[in-house]
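Report on the structure
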Amino acid sequence: MLLLGKKVLGNFWENLGIETGEGIPVRYETKRLKSSIRLALMTAIAALPMTAFAAADEPEVYDLEEVEVVGAHETAASGESGQPSVYAGGQIARTSHLGVLGERDFMDVPFNVTTFNSQMIENQQANSVVDVIANDPSVSDLTLSSVSQAWMIRGFKAQQQDTQLNGLYGVAPRFYGGIEYVDRVEVLKGVGALLSGMAPNGSIGGTVNFVTKRAEGNKASVTLSYGNRGQFTQHIDISRRSADNKLGVRVNLLHNNGDGQYDRERIKTQTGFIGLDYNTDRSRTTFDAGIISNRVENAQYRLQIEGSSVKNFTGFPRVDINSNFGAPGTFRKVIEKFGVIRSEYDIDKNLTGYAAFGMRITHQDTLSSQVFLKDVSGTMNVRHQYNNQINKSKSAEIGLKGKFETGIVKHEVTLAGSVMHYDRYMFQNALASKRYDTNLYAPQWKDLGSYLGSLTKRLPLNDSETLRSIALSDVMSTKDGRWTFIVGGRLQQIIVKTYLDGKGKTYTGARSYDESKFSPAFALVHKLNDKVAIYANYIQGLKDGDEVTSNTAANKGDMLKPFVAKQYEVGAKFDLGKIATTLSAFSITNAASIEDDVTHIVSSDGEVRNRGIEWTFFGEPKAGTRLTGGITWLNARYEKTTGGKNEGRIQEGSPRMTAVLGLEQDIHGVDGLSLSARMTYNSATYANPANTLKVSPWARFDVGARYRFKAGDTPVTVRADVYNVFNRNYWHVLDRNAAYLGAPRTFMLSMTAEF
């Protein structure tokens, strides 16, 4: 069956002209994808009827006879449904895009999902995806450096490359985490293979989807902001719709330059994004494209304790809150371009077809540094690495959705296929001969400008990955809407090939594989009444094999085999009109990677079992008082390991408890004035599998104010926020004996004028 599945998937996508990663010869980066992106951009724009944006100065008025509305067009579940209904308070949207299940209200789905709306993103002055999703207590900030964002959902790591763009993997920016073009951020907690397939980097704890901005009438806004240690930002947002309202254009332009959150850190960014949408009675088409240039100098990096020295530590040392562990002269420069088109067509009232295609090309040039603490007196070893790479990805999705009834049961059946292919051209150099020692408390850095010399090299094809899948689902519901059953599955194939090590040498060892798995899913929702729903689900996910990165591993660089994650979840949802809350309990099992003490070979051994309870809430219980937040209790442990190594111990980087509480209050005595506060808490967390290296619990407080008024006829909003208001010195725990220093107290001041 698996061999047949591979052949079916392969022939299906190859007939569409999508590379599958099989039989790819060693080759060098070319201009083919650039040309393809340009062609796709021109084709997409030409395909949208360019209705003139014109409206008479004095619109004509007509008297109409009485019109009776007898029905409403129902947007197909697979596509974008426009601006979702927003829950009381305006911070959270009611609906989310759930892959093959389509756009659905949070009370109708058997999953724990939260959608952060544009109002919350703007009012918190969020600059990155982590700034937004950290409002969810199931999410822990796992940032690796100020140029590499990461997070944990339900105790499993995810990074920027695992985000979706309008439901499609592999298209969103690979390294840039800015969200100035994003209207809302959807967070699905838990395994979701049936819904959208496997994430490119294999994250299984949850899915983050960016929904891009769409034109909302004829308006524009200009935002000027100043913050961090001295960073000035300009953001222009323009929206236009045609006279018949069928065609919309949204343009976002951003520029910033100045000092970042940490000492010596500088950031310069220019971005441009365009979003088009065109709707008819039977079709809906959207197109999004963007270009990004981002350079960060002297970025903050994590502090890692040398493996042989861990036994001498029980925690991480207290350092100056303004410390920067990135050596002077380091930098990260990325240029990213992407485009994606999505369209759906109502064949008849019960049958809809949809398709999407997107591409992205990313250039990255990085000189980074890592510091390894060697002893308790503060001796640390500084290691540099140069990495120059080009990432190319193509992603496509096609599907057919039908509706019918059998007796008292309504069915929504979806058949969908997806493919994503990724190539990475790369040169890297560990610069082992350039390592040196200094002291943590009084570092003496080398002048990297003259110390390292020229590093630019030609980029050979290093590795490729292909993800292909076919999914079938049936959403069955009773006519009264009180019971909903979901059954389905996704046949997935993952092909990983490693060609070169970036230096022209052929890899040896287990660095390539071709595997297929079928991932079933079953779920149900029962509405006790219009305010209470209970749900349960069982769903599987497929995770790609981890690359062995331990410096002490005998098989460093090898790829472990993919493995299957399994999730059981039950929960209850309450919609009280002004405030909503979800309580859920889950259990997820996933393979663990452990290094043998004798052979030093890293292998999949035993499993990690993450069990937890989540409680989230949001809404406006009283006019002018808005709440968001919740608590997550997590028990993530190693089990069934060979010889009992780390048996029963807590997975590194997984806090036992996380909590978030956000409060906004309108000041009724001053029209347009609002105050806000937010508390984020992480319990004590281990940084190594043996649980000998521990970081203390911490809580951070942020405060803000917002004032909206009119300057003549122009609406103006002034926002001011202070982050880490008490200047709390704390560590974010990562893995591999590493931690990341929390940012010191910073501020952000902005003014937005709307036209």
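Residues numbered from 1 in each chain as written. Predicted model: local features only at pLDDT ≥ 70, side-chain atom pairs only at ≥ 80, totals over all residues. Heavy atoms only, no water.

Attention now moves to the overall build of the chain. In terms of regular secondary structure, the chain is built from six helices and 39 strands. For the chain, the accessible surface area stands at approximately 31,400 Å², while carbon and sulfur atoms represent 56% of it. (Helix = DSSP H or I, 4+ residues; strand = E, 2+ residues; numbered from the N terminus. Areas by Shrake-Rupley, 256 points an atom, 1.4 Å probe, with all protein chains shown as cover.)

Time to look at the sheet that holds strand 9 (residues 168–169). Ordered by their spatial adjacency, six strands build an open sheet running 1-4-10-11-8-9, and the pairing between neighbours is mixed. Taken across any chain shown, the strands that pair with only one partner, and hence form the sheet edges, are strand 1 (92–93) and strand 9. Sheet analysis places strand 4 (residues 112–116) next to strand 10 (residues 182–189), joined by five bridges and oriented antiparallel. The partner of T115 across the bridge, within strand 10, is E186. (Pairing = 2+ DSSP bridges.)

Most of strand 10 is tucked away, with eight of its eight residues classed as buried. Pairing analysis gives seven bridges linking strand 10 to strand 11 (residues 206–212), with the strands arranged antiparallel. Pairing of K189 across the sheet is with G206, part of strand 11. (Buried < 20%, exposed > 50% of the residue type's maximum accessible area, 1.4 Å probe, protein only.)

A complete count under the given rule lists 17 aromatic pairs for this structure. With 4.8 Å between their ring centres and 45° between their planes, Y538 and Y568 make a pair best called tilted. Note that Y538 is positioned in strand 26 (residues 532–543) and Y568 in strand 27 (residues 563–575), a separation of 30 residues in sequence. Aromatic side chains W615 and F617 sit 5.0 Å apart centroid to centroid with 50° between the ring planes, which places their arrangement in the tilted category. (Phe/Tyr/Trp six-rings, centres within 6.5 Å; stacked < 30°, edge-to-face > 60°.)

Another aspect to go through is empty space enclosed by the protein. Counted according to the given criterion, the structure contains eleven cavities of 30 Å³ or more. Its volume calculated, the largest cavity comes out at about 230 Å³. Elements with a contribution of two residues or more to the lining of the largest cavity: strand 9, helix 5 (193–196), strand 20 (379–406), strand 21 (409–429), strand 23 (461–478) and strand 24 (483–498). Examining the composition of the lining of the largest cavity, we find that five residues originate from one element, strand 21, more than from any other. (1 Å grid on protein atoms, 1.4 Å probe; cavity = no way out; pocket = protein on both sides within 12 Å on 5 of 7 lines; lining within 4 Å. Points joined across faces, edges and corners; volume = space filled by probe spheres on them.)

Moving on, we come to the environment of D136. Note on placement: D136 falls in the loop between helix 4 (129–133) and strand 5 (139–141). Given a relative accessible area of 2%, D136 falls into the buried group. In the structure, D136 is positioned 522 residues away from T658 in sequence and 9.3 Å away in space, judged by C-alpha atoms. The residues contacting D136, other than those within four sequence positions of it, are T114, F116, K189, T616 and V660. There is a polar contact of 2.9 Å between the side chain of D136 and the backbone nitrogen of S138. (Contact = heavy atoms within 4.5 Å. Polar contact = N/O pair within 3.5 Å; in protein donor to acceptor, adjacent residues only side chain to side chain.)

Next up on the list: the sheet that holds strand 6 (residues 150–153). Pairing is antiparallel in the open sheet, where three strands are placed in the order 5-6-7. Edge strands, defined here as strands with exactly one partner in the open sheet, are strand 5 and strand 7 (156–159). With strand direction ignored, the average angle separating the axes of adjacent strands in the sheet is 35°. As judged from the three bridges shared by strand 5 and strand 6, these two strands associate in the antiparallel manner. (Axes fitted to C-alpha atoms, helices over the stretch in contact; angles between N-to-C directions.)

Okay, the pairing of strand 24 next. Burial of strand 24 is extensive: twelve of the 16 residues sit out of reach of the surface. Bridge count between strand 23 and strand 24: 15 bridges; the pairing is antiparallel. Across the sheet, the residue bridging to S477 is T484, located in strand 24. Taking the residues that link successive antiparallel strands as the turn, the strand 23-strand 24 hairpin has four residues, and the phi of G481 there is positive, at about 75°. Note: strand 24 against strand 25 (residues 513–527), 14 bridges, orientation antiparallel.

Let us look at the side chain of R302. Counting through the fold element by element, R302 comes out in the loop between strand 16 (283–297) and strand 17 (303–305). No salt bridge is formed by the buried R302; its nearest oppositely charged neighbour, D735, is found at 4.2 Å. (Lys, Arg positive; Asp, Glu negative; His and termini not counted. Salt bridge = Lys/Arg side-chain N within 4 Å of Asp/Glu carboxyl O.)

Taken as a whole and assessed by the stated rule, the structure comprises 36 salt bridges. For R383, the salt bridge goes to E306, with nearest N and O atoms at 2.6 Å. With R383 in strand 20 and E306 in the loop between strand 17 and strand 18 (331–348), this pair connects stretches of sequence that are 77 residues apart. Assessed through its relative accessible area of 13%, R383 is described here as buried. A cluster of three or more residues bridged by salt bridges with shared partners is formed by E620, R626, E664, D666 and R706.

Locating S242 in the fold gives a position in the loop between strand 13 (230–241) and strand 14 (247–259). Engagement of the side chain of S242 in a polar contact is seen with the side chain of D244, the distance being 2.6 Å.

Together, V222, L224, Y226, F232, I236, I238, L253, F747, L749, M751 and F755 make up an exposed nonpolar region whose accessible area comes to about 930 Å². Tracing the backbone through its elements, the reader meets L749 in strand 39 (residues 746–754). (Patch = residues over 30% accessible without salt bridge, like charges linked within 9 Å, V, L, I, M, F, W, Y side chains within 5 Å.)

The next point concerns the nonpolar core. The biggest cluster of nonpolar side chains holds 64 residues, and the ones touching the most others in it are W151 and F210. In this structure, F316, F331, L440 and A739 belong to the second largest nonpolar core, which totals 33 residues. (Core = buried A, V, L, I, M, F, W, Y, C linked by side-chain atoms within 4.5 Å.)

Position of R250 among the secondary structure elements: in strand 14. Sequence-wise, R250 and K219 are 31 residues apart; in three dimensions their C-alpha atoms are separated by 9.8 Å. For R250, the contacting residues outside a window of four places in its chain are K213, R214, A215, E216, D237, I238, S239, F273, I274 and G275. Within the local environment of R250, its side chain forms a polar contact with the side chain of D237, the two groups lying 2.7 Å apart.

Positionally, A690 belongs in the loop between strand 33 (685–686) and strand 34 (694–695). Classification of A690 as partly exposed rests on a relative accessible area of 30%. Setting aside chain neighbours within four positions, we find A690 in contact with N646 and R649.

Our focus in this paragraph is the confidence of the model for the chain. Across the chain, the average pLDDT comes to 87, with 86% of residues at 70 or higher. Mean pLDDT per element in the chain: helix 2 (residues 32–47) is the minimum at 44, and strand 32 (residues 673–682) is the maximum at 98. For the stretch residues 1–5, pLDDT sits under 50, and the model shows three contacts to residues farther than four places along the chain or on other chains. Ignoring residues within four places in sequence, the model shows residues 14–83, a span with pLDDT below 50, making 124 contacts including any to other chains. (pLDDT = per-residue confidence, 0-100.)

Moving on, we get to unusual backbone geometry. As a rule of thumb, non-glycine residues mostly have phi less than zero, and peptide bonds are mostly trans rather than cis. Phi at N166 is positive, roughly 50°, even though this residue is not glycine. Take N166: it is sitting in the loop between strand 8 (164–165) and strand 9. What makes N166 buried here is its relative accessible area of 6%. Even without glycine at this site, N245 takes up a positive phi of about 70°. You can call N245 partly exposed: its relative accessible area is 48%.

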